[in-house]
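Inside the fold
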Amino acid sequence: MTQNDEYPKVPLLDLEPIHRPIQERLRSALLRVLESNRFIGGPEVENFEQEVAEYCRVGYAVGVSSGTDALIASLMALGLDRNDEVIVPSFTFFSTAGSVHRAGARPVFCDIDAETFNIDPTKLEALITHRTRGLIPVHLFGQCADMDPILEICAKRGLWIVEDAAQAIGAQYKGKMAGAFGDCGCFSFFPSKNLGGIGDGGMVITNSPEIAEEVRKLRDHGASQRYYHSVVGGNFRLDAVQAAALRVKLSALEQWHEQRIANARAYCEAFSDLQEKGLLKIPGQSAGCRHVFNQFVIRVPDRDGLQEHLAARGVGTAIYYPIPLHLQRCFDGYGYHEGSLPESEKAAREVLALPVFPGLVEAQRDKVIRHIREFLL
Ligand SMILES: *Cc1c(COP(=O)(O)O)cnc(C)c1O
């Protein structure tokens, strides 16, 4: 360790420096809700929906209770039957496939591109059957999936697209916002996402007035007029207190994205020689796209060794994700086995997420870099 270690600990994510500059605005927003006595729906939610729709340049945004509920409500709005199939990447957070299962259909797992960790469009067509209804591309870690070939295949085969943009609000693909490509896009406001609430929250964005209307209805138990239920929905509503906090945070989001991108760039520069020596892989970035680095994920052969080394030196890391979804026990019945999707399985063995949050100071970042070099060289 260095002489005066000002930062003995570098957590994977620290919300304190993120919230510190907006503390007063957050407090008054929360107080405003408390004093309004409007806790479910109301002007905070409506204004926040409007602001997200503008930010993403889409026609409609519907606030819901979580990213998972955004996916479920979207799938319910599109309508799924028992034997329907929906293609999802295997290397993602559980919710992507769990939502398909819960909406009553069967998730069909697709392998990923080794560079970007996103669904591999060249593997899609082979998975399409007469039962396939749609596709859920995930914009993993804050980088958009390769949407051009995905859109082309889905248009040709008559499939809908629900984007899982839970980690990617503000990410762009050839100038267009994540979530704005598909029939609809889903965001999560879980506290660790780039736009994180002070609890759970989510949103569905779309350019389709019909889907927006259907999701609005579904979030209120399928009733557009209270106590008159045309379909069975759920309680998928967004709290006013979340909307009020998120409106404050949305106003700082671009600045936070830029800080994440700057941190990622510093890591990439510091690790370029390690990558040349084949000791570590920095995340691949698609040309013409804006990666917003919800996570900065490297690959290393001795991942567990590196994680332990860093933990012993106060550096927080995480493994997103240790088990690809096609190998999860709850999906045993679908007949996948080890070797079914080799790139997803390899990623699960090699990935390690490093601290990249806005507010990470240079001395902290340097400490992460120093300990990684020390372990690998
Ligand atoms: C976080 C996340 C979700 C679920 O969002 P919640 O708000 O936690 O329900 C879905 N998909 C991906 C890829 C996520 O990262």
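The structure displayed is predicted, hence computed values, not measured ones.

Take the overall build of the protein chain next. Tallying secondary structure elements over the protein chain gives 12 helices and 14 strands in all. The globule rule puts the C-alpha radius of gyration for 377 residues at 21 Å, and the 21 Å found for the protein chain is close to it. With respect to the principal axes defined by its C-alpha atoms, the protein chain has extents near 70 × 55 × 35 Å. Sorting the 377 residues of the protein chain into buried and exposed places 55% on the buried side. A fraction of 72% describes how many contacts in the protein chain between residues 6 or more apart in sequence connect residues 24 or more apart. Summed over its atoms, the accessible surface of the protein chain is roughly 16300 Å², and 50% of this surface lies on carbon and sulfur atoms. Computed over 40 positive and 48 negative side-chain charges, the inter-centroid distance for the protein chain is 2 Å.

The next subject is the UniProt feature "modified residue: N6-(pyridoxal phosphate)lysine" (unreviewed entry) in the protein chain. Under the UniProt annotation, "modified residue: N6-(pyridoxal phosphate)lysine" (unreviewed entry) lies at K193. Counting through the fold element by element, K193 comes out in the loop between strand 8 (184-188) and strand 9 (202-206). Residue classification places K193 among the buried residues on the basis of a relative accessible area of 13%. Sequence-distant contacts of K193, that is, excluding residues within four places in its chain, are made with A166, Q167, S188, R260 and N294.

In this section: the domain arrangement of the protein chain. By the assigned domains, the protein chain splits into domain 1 (20-250) and domain 2 (253-376). Facing the 42 residues of domain 1 at the interface are 36 residues of domain 2. At the boundary of domain 1 with domain 2, total buried surface from both sides reaches about 3500 Å², with 57% on carbon and sulfur atoms. Ranking the residues of domain 1 by area buried against domain 2 places F109, F141 and N194 at the top, with a combined share of 21%. There are 1 salt bridge connecting domain 1 and domain 2. With a shortest N-O distance of 3.4 Å, K281 and E115 are connected by a salt bridge. Where the side of domain 1 that touches domain 2 is concerned, the elements lending two or more residues are helix 5 (95-102), strand 3 (106-110), strand 6 (172-173) and helix 8 (240-250). Element by element, the count of residues in the side of domain 1 that touches domain 2 is highest for strand 3, at 5 residues.

Counted residue by residue, strand 1 (residues 60-64) has 4 buried out of 5 residues, so it is predominantly covered. Across 5 bridges, strand 1 lies against strand 9 in antiparallel orientation. Pairing of V64 across the sheet is with G202, part of strand 9.

What follows covers the site of the ligand. Taken together, 14 residues lie around the ligand, and T68, D164, Q167, S188 and K193 are the ones closest in. Within the side chain of D164, an N or O atom sits 2.7 Å from a nitrogen atom of the ligand. Counting only elements with at least two residues in the shell around the ligand, the list comes to helix 4 (67-78) and helix 5. Tallied by class, the residues present in the shell around the ligand amount to 3 nonpolar, 9 polar and 2 charged.

Turning next to the side chain of H309. Turning to its location among the elements, H309 is positioned in helix 10 (residues 303-312). Setting aside its immediate chain neighbours within four residues, H309 contacts H371, E374 and F375.

Along the chain, the position of D120 falls in the loop between strand 3 and strand 4 (132-135). Those residues in contact with D120, other than ones at most four positions away along the chain, are C110, D111, I112 and D113.

Taking every second residue as pointing to the same face, both faces of strand 13 (residues 296-299) are buried, with F296 and I298 on one and V297 and R299 on the other. Bridging between strand 13 and strand 14 (residues 351-354) involves 4 bridges; their strand directions are antiparallel. Considered in strand 14, the bridge of R299 is made with V351.

Rules and cut-offs
Residues numbered from 1 in each chain as written. Predicted model: local features only at pLDDT ≥ 70, side-chain atom pairs only at ≥ 80, totals over all residues. Heavy atoms only, no water. Helix = DSSP H or I, 4+ residues; strand = E, 2+ residues; numbered from the N terminus. Rg over C-alpha atoms; globule rule 2.2 N^0.38 Å. Buried < 20%, exposed > 50% of the residue type's maximum accessible area, 1.4 Å probe, protein only. Contact = heavy atoms within 4.5 Å. Areas by Shrake-Rupley, 256 points an atom, 1.4 Å probe, with all protein chains shown as cover. Lys, Arg positive; Asp, Glu negative; His and termini not counted. Charge placed at Lys NZ, Arg CZ, Asp CG, Glu CD. UniProt positions renumbered as here; feature names shortened; annotations may be inferred. Domains from an automatic or database assignment. Buried area = accessible area lost by both parts, 1.4 Å probe. Salt bridge = Lys/Arg side-chain N within 4 Å of Asp/Glu carboxyl O. Pairing = 2+ DSSP bridges. Near = heavy atom within 4 Å. Polar contact = N/O pair within 3.5 Å; in protein donor to acceptor, adjacent residues only side chain to side chain. Nonpolar A, V, L, I, M, F, W, Y, C, P; charged D, E, K, R; others polar.

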